[in-house]
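Below, each chain spelled out in residue letters.
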Amino acid sequence: MRPALLLSATAALLVLNVAFAIAQRPGVFDQSINHPAIRYNTTDANTVVDALNRKLADKSAALVFDEKSGYLKSVLDLLRIPVESQVLVYTQTSLQAQHITMSNPRAIYFNDHVSVGFIRGSGLLEIVAQDPVLGSVFYVVRQERAAAPTIGRESQCLRCHLSWDTLGVPGQTILSTFPRKDENAYANGFAVDHFRPIEDRWGGWYVTGKRVPAKHAGNLPLFAPPSTKATGGRPEERPTPPPARVSLDGQVDLTGYPTPYSDIVALMVMEHQAHLFNLFTRAMWESRVGGPASESRVAEAADAIADYMLFVDEAPITDGPIEGSSGFAEKFVADGPRDAQGRSLRELDLKTRLQKYPLSYMIYSPPFQALPADVKKLVMGKIERVLAGEEADKKYAHLTPAIRQAVQEILKATM
């Protein structure tokens, strides 16, 4: 049975307004999500969540309710999402914003193709999964004990998850916000990916780790005392973050959360792949729409994917090394294929950059493998030319001959 869509009239109007605004901007998908070649709201999804729903229907899997966290533990287990990926955000940036505070943060858990959002005491567990045709698809689970709970598709999420920041397609957005003077002050912040300098990241998020950069925007209060210059966007105007925390034990009531961490490495990995999902979806949709301008738009979208996967213009880590504390990094590194020398694209550097070998591990992911043949051919062609040293642009200078050779060898052995 297909879960009912819950798109309200207000949300539909907002989506139309957002689509009109996006049509005025370059570098994004500029057609409606209801274009005949897309039909986002009326096309059945086929994600890991839909596969789980089928198992729930035939009783080969079951969601187990927990009094403290509802269906969270069960969903994470069935979707194979590690609890070590937990990151905690306390800004009110959710469909259920009224439940989020510094003492009751929203937790996010993720792997390479699905994420789960949990807010203690709220009515819904939120999920976003990647579909091979639709891209990011949003779902909810009602956090109440039921004889036969199911996971329903939810389109109200598009009120925030369809914008310029998501490239004009339904997608994920990681926000960094700064403390406000009071509840009436306008929120100041921006979307974050691996381009964003470390000192600007994690505003409104808890950040834990054994080694954390001295300058970042995490762990700060939602509201700053009037005597501080907390509302400006420049780093020198922000309060100094509290000392690094290995965990949040003793700082936050952790009842219902499976771990006491909001791991810095998990935050950095999530930021990298969230924007990449949006790049994948945009390119996929451009390919399907076709038309007179399709070839150039698909080529531009594929080029953007290749450069992002090669970490062009990645913000450097200048205050490293970075070290998490939840065990996420160790679990993440152990999960990838390796060549005969034991090398993997999932190896982390965390001294000057995110990955030791700067080609995204997402090249192995189901969303990348599901890209249309024309898009994937363009992306792989660009990556292969760069690794072969055939692209002379200085933006590829971070890929030294030794690094290019290593990445080529890893790809040959593992793809």
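Notes on the structure in this doc start here. (Residues numbered from 1 in each chain as written. Predicted model: local features only at pLDDT ≥ 70, side-chain atom pairs only at ≥ 80, totals over all residues. Heavy atoms only, no water.)

Regarding the overall build of the protein chain
Helix and strand content of the protein chain: 10 helices and 8 strands. For the protein chain, long-range pairs separated by at least 24 residues make up 67% of all intrachain contacts whose partners lie at least 6 apart in sequence. Carbon and sulfur atoms make up 52% of the accessible area of the protein chain, which amounts to about 18,300 Å² in all. (Helix = DSSP H or I, 4+ residues; strand = E, 2+ residues; numbered from the N terminus. Contact = heavy atoms within 4.5 Å. Areas by Shrake-Rupley, 256 points an atom, 1.4 Å probe, with all protein chains shown as cover.)

Examining the side chain of R282
Its location among the elements puts R282 in helix 5 (residues 264-289). Apart from the residues within four sequence positions on either side, R282 is in contact with G27, V28, F29, L167, V169, R297, E300 and A301.

Considering the sheet that holds strand 4 (residues 124-131)
Across the sheet, 6 strands lie side by side as 1-2-3-4-5-6; this open sheet has antiparallel pairing. Each of the sheet's edge strands pairs with one partner strand only, and the pair in question is strand 1 (87-89) and strand 6 (152-153). As defined by bridge partners, strand 2 (residues 106-110) adjoins strand 3 (residues 114-119) across 5 bridges and the pair is classed as antiparallel. Within strand 3, the position partnered with F110 by the bridge is S115. The sheet strands contacting helix 2 (residues 48-57) are strand 3, strand 4 and strand 5 (135-142), and the helix crosses strand 4 at an angle near 115°. (Pairing = 2+ DSSP bridges. Axes fitted to C-alpha atoms, helices over the stretch in contact; angles between N-to-C directions.)

Describing helix 5
Here helix 5 contains 26 residues, and its C-alpha end-to-end distance of 39 Å stays within 8% of the 38 Å for a straight helix at 1.5 Å per residue. Counted residue by residue, helix 5 has 24 buried out of 26 residues, so it is predominantly covered. For helix 5, the N-terminal capping position is held by D263, with its side-chain oxygen 3.0 Å away from the main-chain nitrogen of V265. Just downstream of helix 5, G290 is the residue with a positive phi angle, here 65°. (Expected span 1.5 Å × (residues − 1). Buried < 20%, exposed > 50% of the residue type's maximum accessible area, 1.4 Å probe, protein only. Polar contact = N/O pair within 3.5 Å; in protein donor to acceptor, adjacent residues only side chain to side chain.)

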